[in-house]
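In case you want the letters, here they are:
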Amino acid sequence: MTWNSDMKGNNFTDTDFSRFTSHFSLKKAGTTHVAHWNNSRKIAFTLAEVLITLGIIGVVAALTLPSLIQNYHEKQRITQLKKAYSVMQNAFLMAQEEYGDVTDWGLTVTYQGKDDDGNNILDDSGTENVMNILMKYVEKSKIPQNSYIGYVESIDGRQAFWPWKVSADKYFYLKDGTMVTMGWINSLDCNGLYDGKRIVCSDFWVVFPKKSKMKIGVDVFNFFFTKEGFKPNSTTIGYNCNAFEAVGSADSNGRGCTAHALYNGNMDYLHKKDWQ
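My aim in this report is to walk through the structure given alongside it, one point at a time. Please read all numbers here as calculations on a predicted model, not as lab measurements.

Observations concerning the overall build of the protein
Looking only at helices and strands, one finds three helices and 17 strands in the protein. Expressed as a percentage of contacts within the protein between residues at least 6 apart in sequence, the contacts between residues at least 24 apart total 53%.

This is the structure:
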C-alpha cells in the first residue's frame with residue numbers, strides 16, 4: 001500500500017503489518033527510521049483471579065480424587081484375585097496329577113451334628129488333608145495356630161462373621177499375603193450342584209486379610225472346591241451380590257460377586273444397582 005503524503009507533506013511509501021507484534025509500521029520515504037503504533041499489552045492475572053482458579057481446581061479435585069482412588073484400589077484387588085485364582089487352580093491341577101481324583105484326597109464330612117449343649121460337632125480332618133496337599137504346590141507360609149483376622153461383613157454392611165479364629169492346618173498365606181481356606185465338606189463323593197453338574201466338594205475362600213472390617217465380595221471372595229478345580233461363586237447359580245439391600249443372610253450376601261469380579265475385571269456391583 002502507498003500513501004502519497006501526510007498533513008505535513010511527508011511521503012510514506014509502505015505500510016507494514018506484523019501478525020506477531022500486533023502493530024503497524026509506517027516507512028517514510030527517504031528516511032531510515034520507522035514509526036511504530038504498538039497496541040499490544042501485557043496480559044497478567046490479579047491475585048483474586050488466581051485464587052478463584054485455585055479454588056475451582058480444589059473443588060474439582062475433591063470431587064474426582066476419591067473416585068479415582070477407589071477405582072485404583074478396586075483394580076488392584078481384581079488383579080490380586082485373578083492371581084490367587086490362577087495360583088490355586090495350578091496347584092489343584094498339579095495335585096490331581098499326583099493324587100488322582102479329589103475323592104481320594106482323604107475327604108471327611110465336616111458337620112457331624114450337635115453336642116448336648118447345642119454346639120456344632122465338626123470333623124476338620126478332611127479339609128486339613130486337602131489343604132496340606134495343596135500347600136505342596138504353592139509358595140506359601142502357614143498361619144500361626146489360633147491367630148485371628150478382622151471382622152467380616154456382608155456386602156451390604158451387616159455383621160457376618162466375628163473375628164475369624166484360624167488354625168494352621170486349614171489356612172495358609174500365599175506368597176503375596178493372600179489367605180486361602182476351605183469351608184465345610186458336605187459329601188464324600190462331591191455331589192454338590194454347580195452350573196448343572198454335580199461336582200462340588202465344599203466352598204473355598206480367598207481372603208485379603210486386614211485387622212479392620214472386611215466385606216464379602218470386596219475383601220473376601222467365595223469359590224467352590226470341585227472335582228474340576230476351583231469355581232467362582234456366581235449370581236447365576238442363585239447366590240446374592242447386592243450392595244444396596246440386605247438380601248439373604250448376612251454370611252451369604254456377597255458370595256455371588258466372585259464370578260463377576262473375576263471374569264469382568266471390575267466391581268460395578270458396588271456402584272450400580274442394575275449392574276447385572
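Structural notes on the side chain of Arg77
With respect to the secondary-structure elements, Arg77 resides in helix 1 (residues 47-99). Ignoring sequence-local partners within four residues, the contact set of Arg77 consists of Phe208, Val218, Asp219, Phe221 and Met267.

Quick look at the pairing of strand 12 (residues 179-185)
Of all seven residues making up strand 12, six are buried, and the element is well covered by its neighbours. Of the pairings in the sheet, the one linking strand 11 (residues 171-174) to strand 12 comprises three bridges and is antiparallel in character. Across the sheet, Tyr171 pairs through a bridge with Thr181, a residue of strand 12.

Quick notes on the nonpolar core
Core analysis: the largest hydrophobic core is formed by 39 residues, its most contacted members being Met88, Trp105, Leu134, Phe204, Phe225 and Tyr269. The set of elements that each furnish at least two residues to this core consists of helix 1, helix 2 (125-135), strand 11, strand 12, strand 14 (197-207), strand 16 (220-226) and helix 3 (258-264). At seven residues, the largest contribution of residues to this core is made by helix 1. The contact partners of Met88, leaving out residues within four places of it in the chain, are Leu134, Val138, Phe172, Leu174, Val180, Phe204 and Phe230. Core analysis: the second largest hydrophobic core is formed by 12 residues, Ile143, Tyr171, Met179 and Val220 among them.

As for the pairing of strand 14
Within strand 14, nine of the 11 residues are buried, leaving the element largely enclosed by the surrounding structure. Summarising the sheet, strand 12 and strand 14 pair through five bridges and their orientation is antiparallel. In the strand pairing of strand 14, Met179 is matched with Val207. Pairing geometry for strand 13 (residues 192-194) and strand 14, over three bridges, is antiparallel. What sits directly across from Leu193, in strand 14, is Arg198. Between strand 13 and strand 14, which pair antiparallel in sequence order, lie two residues; one of them, Asp195, sits at a positive phi of approximately 50°. Relative to strand 16, strand 14 is paired through seven bridges, and the arrangement is antiparallel. From the neighbouring strand, Trp205 faces strand 16, where its bridge partner is Asn222.

Focus: unusual backbone geometry
Non-glycine residue Cys190 carries a positive phi angle of around 50°. Tracing the backbone shows Cys190 in the loop between strand 12 and strand 13. One non-glycine residue, Asp195, lies in the positive phi region at around 50°. If you trace the backbone, Asp195 turns up in the loop between strand 13 and strand 14.

Side note on the state of the cysteines
Linking two cysteines covalently through their sulfur atoms gives a disulfide. This structure, assessed with the given rule, holds two disulfides. Covalently, Cys190 is tied to Cys201 through a disulfide, its sulfur atoms 2.1 Å apart. Because the torsion about its S-S bond is 105°, the bridge between Cys190 and Cys201 counts as right-handed. Here Cys190, found in the loop between strand 12 and strand 13, pairs with Cys201, found in strand 14; they are 11 residues apart in sequence, far enough to count as distant. Like Cys201, Cys190 is buried. Paired through a disulfide, Cys241 and Cys257 show a sulfur-sulfur distance of 1.9 Å. Taking the torsion about the sulfur-sulfur bond, which here is approximately 105°, the covalent link between Cys241 and Cys257 counts as right-handed. Pair noted here: Cys241 is in the loop between strand 17 (229-232) and helix 3 and Cys257 is in the loop between strand 17 and helix 3, with a separation of 16 residues, a long-range link. Across the pair, exposure class does not vary: Cys241 and Cys257 are buried alike. Cysteine pairing for the protein (bonded cysteines numbered in sequence order): 1-2, 3-4.

Thresholds, definitions, all that
Residues numbered from 1 in each chain as written. Predicted model: local features only at pLDDT ≥ 70, side-chain atom pairs only at ≥ 80, totals over all residues. Heavy atoms only, no water. Helix = DSSP H or I, 4+ residues; strand = E, 2+ residues; numbered from the N terminus. Contact = heavy atoms within 4.5 Å. Buried < 20%, exposed > 50% of the residue type's maximum accessible area, 1.4 Å probe, protein only. Pairing = 2+ DSSP bridges. Core = buried A, V, L, I, M, F, W, Y, C linked by side-chain atoms within 4.5 Å. Disulfide = S-S within 2.5 Å.

These values are about where atoms sit, not about what they do.
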